[in-house]
Amino acid sequence: MFLSYYPYGQPTALVPPSPASHPSPAAQTILSAPSHLARSFTPQDLFVPVTAAVTTGHLPQHPQSLPANLSAVTPIVICRKVPVKSELKRGSEELMSHGTMVANGLSPHQSPSEITDAKKAKLDGAVIPPSRVVHIRSLPGEAGETDIVQLGMSFGKMTNVLVLKQKNQAFLEFQDESSAVAMVAYFQANPAQVRLKPVFVQFSNHKELKTDASHAFQNHNAQAALQAAHSVMGSDEQSTILRVIVDNAFYPVSLEILHQLFIKFGKVLKIITFTKNNTFQALIQMSDAISAAAAKTSLDGQNIYNGCNTLKIDYSKLSNLNVKYNNDKSRDFTRPDLPTGDLNLDAMSLGAPGYGIPGLPMGAMSAMNAMGAFGIPHTALGAARIGLPLTAAMGSAVILVSNLDEEMVTPDALFTLFGVYGDVHRVKVLFNKKDNALIQMADPHQAQLAITYLDKARVWGKQIRVAQSKHQLVQMPKEGQSDAGLTKDYVNSPLHRFKRPGSKNCQNIFPPSQVLHLSNIPAHVTEDNLTTWFSEHGAVKAFKFFPKDRKMALIQMNTVEEAIHALIAMHNYQMGESCHLRVSFSKSTI
């Protein structure tokens, strides 16, 4: 038996060379030496004794002996592309790690990517020494930090985890090397699975995991998963059911949105939603305690949308949720056969015409109708993302403001007023119609907030109208073209209130009110100073410093319109060499 090595390409057929000194034309054509080989290399050199290949681990260039009659021998053909120099480079994430992989018993029915990984594992001959860091690859796309932590929590205390979703890989760091050794050894004997898909486990070339600012989001998820695992490992009580309360619910919350949020931390089994004390609440049963703990750690106190719909999460005392119906109020994801309940009654209570359209899930239909009632496009249904604004599914980030006072309006004034509800990027007062202006917010969600709070507000003696624009952005004047300062770009302004995700400003967004919240007040500024300054823009009815923090105060104007004028004039008012007053609307009273 002979083994043929063909360095480049894949021949359509191979003919054993003639034992004569001049091989046949067919053999010469098919087995001609590639250009990168020495000119002296002959087709005969491609046939070597298989025992030599097995013994030496590589193909000898000059076989010691050949049988007299090669025509009677059927060769085994191996075709492999010889890498060029650039292909030998490795990425920092060990994509082509030359470590020994754990054999996970691949079946003939596995995907090409899995088979490729198996081949890499078998072909790579080097042995990676033990390390505290374990490398997992061939992960399913939906795998997250919680899945990796669950894989390793039985072996010891974990100190870091990093999931590289785009590369379907992860790294898990243990406190002790012995824990990593135990994990690799175990999964060598027992094939590892993540979300029912086989994965490969090996030691990493890295001795420790170092994550930087570019992995900030992953770091947050990693710490949540690790904290959840440690709390579960150190506790006898392992609850899987969470009680969720949605505070400051500016937008409706559907069962589907909750499912999208919580499935990131593990499998969601059941959800029951209800309203109690005029507050939307839900009970969510996760598949295991660590997923529940990770979801609670990561989501508690977060906003579904910027500045509103705040999640408050704690554990439920229930041990199991009893779901009778699969509809917009409740869902058992393990029992798709459950009935939907009384469709007509549900439709009447929702006031949703066309409820129960064939082919559309009930929950989706009800949520779409509810969001439509709030003026939110139906396509925004799937756009809920923790701590992030809604995507362009909500429409344009540009709003049109009309019925402005032509004598009073300026880009700076609009930037300050609309900046209460989002970061204003550009403002254009229309040259030929100065009672109209276009304002480009940072994202469509902020545009929607501005529309909701400022439409029909009285500003400079007129009731302004605020609506979404058909434009997707505000154009700046062309170079050399002047528009008398009516268009301004504020993208890099230091006065944006919402540059930092999750800042307190996101938690304190209120409609225009008589009472204004003042902050950043220096010690030398008195109550008389402040009331004098604000009285230039309307009558001041009341004033109060915060008892425990004199840097903040509340001031009440005579009307909401006067409060709006005062905010426009006094926000960022300079009170010292490097001290500027901050003004916002308040829900408090004096």
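Residues numbered from 1 in each chain as written. Predicted model: local features only at pLDDT ≥ 70, side-chain atom pairs only at ≥ 80, totals over all residues. Heavy atoms only, no water.

- By the naming in an unreviewed UniProt entry, the chain is Polypyrimidine tract-binding protein 2-like isoform X6, taken from Biomphalaria glabrata.

1. Comments concerning the nonpolar core
Line of reasoning, step 1. Counting residues in each nonpolar core, the largest one holds 113 residues, and the members touching the most others are Ile136, Phe262, Phe418, Leu516, Leu518, Leu530 and Phe534.
Line of reasoning, step 2. Excluding residues within four positions of it along the chain, Phe418 makes contact with Ile399, Val401, Val424, Ile439, Met441, Ala450, Leu454 and Val466.
Line of reasoning, step 3. Listed in part, the five residues of the second largest apolar core include Val133, Leu164, Phe171 and Leu209. (Core = buried A, V, L, I, M, F, W, Y, C linked by side-chain atoms within 4.5 Å. Buried < 20%, exposed > 50% of the residue type's maximum accessible area, 1.4 Å probe, protein only. Contact = heavy atoms within 4.5 Å.)

2. Focus on the packing of aromatic side chains
Line of reasoning, step 1. Within the structure shown, the criterion is met by seven aromatic pairs.
Line of reasoning, step 2. For the ring pair Phe155 and Phe187, a centre distance of 5.7 Å and an interplane angle of 65° mean the geometry is edge-to-face. Placement of the pair is Phe155 in the loop between helix H4 (145-152) and strand S5 (158-164) and Phe187 in helix H5 (residues 177-189), with a sequence separation of 32 residues. For the residue pair Phe155 and Phe187, the accessibility class agrees, reading buried in each case.
Line of reasoning, step 3. Of the aromatic side chains, those joined through ring pairs into one cluster are Phe155, Tyr186 and Phe187.
Line of reasoning, step 4. Cation over ring: Lys434 sits above Phe431, and NZ or CZ is 4.7 Å from the ring centre.
Line of reasoning, step 5. In this structure, Arg550 is placed above the aromatic ring of Phe545, and the distance from its NZ or CZ to the ring centre is 4.1 Å. (Phe/Tyr/Trp six-rings, centres within 6.5 Å; stacked < 30°, edge-to-face > 60°. Helix = DSSP H or I, 4+ residues; strand = E, 2+ residues; numbered from the N terminus. Lys NZ or Arg CZ within 6 Å of the ring centre and 35° of its normal.)

3. Looking at the packing of helix H11 (residues 411-418) against helix H15 (residues 560-570)
Line of reasoning, step 1. Where H11 meets H15, the closest approach of the two axes is 9 Å, and the angle between their N-to-C directions is 110°. When the interaxial angle is binned, H11 and H15 end up roughly perpendicular. The handedness of the crossing between H11 and H15 is right-handed. In this structure, H11 contributes Ala413, Thr416 and Leu417 to the contact, and H15 contributes Ile564, Leu567 and Ile568. (Axes fitted to C-alpha atoms, helices over the stretch in contact; angles between N-to-C directions. Parallel < 35°, antiparallel > 145°, perpendicular 65-115°, else oblique. Left-handed = near helix turned anticlockwise from the far one by under 90°.)

4. Some points on the sheet that holds strand S20 (residues 465-468)
Line of reasoning, step 1. Taken together, five strands build an open sheet; the order of strands is S20-S15-S17-S16-S21 and the sheet is antiparallel. Since the sheet does not close on itself, it has two edges, and those belong to S20 and strand S21 (487-489), each with one partner. Between one strand axis and the next, the sheet turns by 20° as a mean value, whatever way the strands run.
Line of reasoning, step 2. Most of the contacts of H11 go to strand S16 (residues 424-429), to which it runs at about 140°, and overall it touches strand S15 (398-402), S16, strand S17 (437-441), S20 and S21.
Line of reasoning, step 3. Each of S15, S17 and S20 touches helix H12 (residues 444-454); the most contacted strand, S20, lies at about 150° to it. (Pairing = 2+ DSSP bridges.)

5. Concerning the pattern of salt bridges
Line of reasoning, step 1. Enumeration according to the criterion identifies 10 salt bridges in this entry.
Line of reasoning, step 2. Of the charged contacts in the structure, one is a salt bridge between Arg243 and Asp314, with a shortest N-O distance of 3.0 Å. Here Arg243 is found in strand S9 (residues 241-247), whereas its partner Asp314 is found in strand S13 (residues 308-315), with 71 residues between them in sequence.
Line of reasoning, step 3. With its nearest N and O atoms 2.8 Å apart, the salt bridge here joins Arg426 to Asp489. You can see Arg426 sitting in strand S16 and its partner Asp489 sitting in strand S21, a full 63 residues away along the chain. (Salt bridge = Lys/Arg side-chain N within 4 Å of Asp/Glu carboxyl O.)

6. Description of the pairing of S16
Side-chain positions along a regular strand alternate between the two faces of the sheet.
Line of reasoning, step 1. Relative to S17, S16 runs antiparallel, the two being bridged by five bridges. Within S17, the position partnered with Val427 by the bridge is Ile439.
Line of reasoning, step 2. In the sheet, S16 pairs with S21 via three bridges, with the strands oriented antiparallel. Each residue of the ladder has a partner; that of Arg426, found in S21, is Asp489.

7. Here we look at H4
Line of reasoning, step 1. Taken across its eight residues, H4 has seven buried, putting it largely inside the fold.
Line of reasoning, step 2. Listed as buried for H4 are Glu145, Thr146, Asp147, Ile148, Val149, Leu151 and Gly152.

8. Considerations on the sheet that holds strand S27 (residues 582-585)
Line of reasoning, step 1. Ordered by their spatial adjacency, four strands build an open sheet running S23-S24-S22-S27, and the pairing between neighbours is antiparallel. Either end of the sheet is taken by a strand with one partner, and the two such strands are strand S23 (540-545) and S27. Between one strand axis and the next, the sheet turns by 20° as a mean value, whatever way the strands run.
Line of reasoning, step 2. Pairing between S23 and strand S24 (residues 553-557): five bridges, direction antiparallel. Residue pairing for S24: Val540 is matched across the bridge by Met557.
Line of reasoning, step 3. Contacting strand S22 (515-519), S24 and S27, H15 runs over the sheet at an angle of about 155° to S27.

9. What about the environment of Leu516?
Line of reasoning, step 1. Note on placement: Leu516 falls in strand S22.
Line of reasoning, step 2. Residue Leu516 is classed as buried on the basis of its relative accessible area, which comes to 0%.
Line of reasoning, step 3. Sequence separation of Leu516 and Thr589 is 73 residues, and the distance between their C-alpha atoms is 9.5 Å.
Line of reasoning, step 4. Once residues lying within four places of it in the same chain are set aside, the contact partners of Leu516 are Phe534, Ala553, Leu554, Ile555, Met557, Ala563, Ala566, Leu567, Val583, Ser584, Phe585 and Ser586.

10. Some details on the side chain of Ser239
Line of reasoning, step 1. Considering the arrangement of structural elements, one finds Ser239 in the loop between helix H6 (216-233) and S9.
Line of reasoning, step 2. For Ser239, a relative accessible area of 15% translates into the label buried.
Line of reasoning, step 3. A polar contact of 3.4 Å, which involves the side chain of Ser239, links it to the backbone nitrogen of Ile241.
Line of reasoning, step 4. With residues near it in sequence (within four places) discarded, Ser239 still touches Ala289, Ala292, Tyr315 and Ser316. (Polar contact = N/O pair within 3.5 Å; in protein donor to acceptor, adjacent residues only side chain to side chain.)

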